[in-house]
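# Descriptive analysis of the structure
These are the residues of each chain, in order.
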Amino acid sequence: MTIIKQAWKITRHDFRNNPYVMLWTLLFIAYLGFTMSFAVSVHWDERGNLSPVADFIMLVLIPFLGFIYNRRAFKYLQEDSYTHMLAFFRTLPIPMNAVIMSRIQQALLAFVMNSVIFFTLFFTLSATFRVYASTGFFVSFALTWIGYGMLIQAIYIHLEFLKKGKSYFWISIVIMLICGIVTIIVRVCGANLVSITAFYSKEWQLLSPIMWGALLAGVLGMCVSYRVTQRRLMKRDLT
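What you see is a predicted model; the values in this text were computed from it and never measured. (Residues numbered from 1 in each chain as written. Predicted model: local features only at pLDDT ≥ 70, side-chain atom pairs only at ≥ 80, totals over all residues. Heavy atoms only, no water.)

## Focus: the pattern of salt bridges
Operational definition: By definition here, a salt bridge exists when the distance from a side-chain nitrogen of Lys or Arg to a carboxyl oxygen of Asp or Glu is within 4 Å. A helix here means a DSSP run of H or I that spans at least four residues, while a strand means a run of E at least two residues long, and both kinds are numbered starting from the N terminus. Accessibility here uses a 1.4 Å probe with only protein chains present; expressed as a share of the type maximum, an area under 20% marks a residue as buried, one over 50% as exposed, and anything in between as partly exposed.
Summed over all chains, the structure comprises two salt bridges. Among the salt bridges present, the one from E160 reaches R103, with a minimum N-O distance of 2.8 Å. Taken together, the residues E160 in helix α9 (residues 135–162) and R103 in helix α7 (residues 96–125) connect sequence positions 57 residues apart. Its relative accessible area of 3% is what places E160 among the buried residues. Taking relative accessible area as the criterion, R103 reaches 12% and is therefore assigned buried. Of the charged contacts, one joins E203 and K202 as a salt bridge, the two residues approaching to 3.8 Å between their closest N and O atoms. You can call K202 partly exposed: its relative accessible area is 46%.

## What about a nonpolar patch on the surface?
Just so we agree on the cut-off: Patch building starts from residues that exceed 30% relative accessible area and form no salt bridge, then joins like charges within 9 Å and nonpolar side chains (Val, Leu, Ile, Met, Phe, Trp, Tyr) within 5 Å. The method behind every accessible area is Shrake-Rupley, applied with a 1.4 Å probe, and residues are considered shielded solely by the protein chains displayed.
The grouping of Y20, L23, W24 and L27 at the surface amounts to a nonpolar patch, some 500 Å² of accessible area in total. Note that Y20 resides in the loop between α1 (2–17) and α2 (21–42).

Shown next, in the form of structure tokens:
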């Protein structure tokens, strides 16, 4: 509990020092929700099946709902901002596991706030999903993808703390390429991830096994990321 309280102090300090960061973040997420809703609506093939492009966009974009888009996030490549941040915190009487926990807290807060904006626009503007018109479906569908997003976000958190800016960038590209490969494999198998998620959300709603499985995977991913990052960060040279 002490670590959580210390982490929360860091989290609050970050938000207080960046009073407009949430406004810019929500505007950016609103833009993503707006464009994604139309992307899903138009990517249908001649047989009425959803295009794999929709899968790829969702696999790539959903994890980004866990980011707060401040200067540090945009400057990580040019200035290696995450490494500089860690070097600064190492000079303070603050345990590094509190810093990691603070980052996880910020990710969870970001998922809550960004997902409300993103999925509200996604469901409101997309004619593809308006036909379901069920609160249970909307919540189940959103939570399924949020669970996936938390799992991938756990990887990004690990990279932020353990890799320099250029390495972080190239590994992020690899993650996107893996998303593309997964999309192709699913397509070859004659399936579509967005359609499967929608089907289970419609049939099972809040009892959807995919939703609970995704949330469990996301929570476990965050826990593992915290433990592994904490252990390896103590050995990292930040010079």
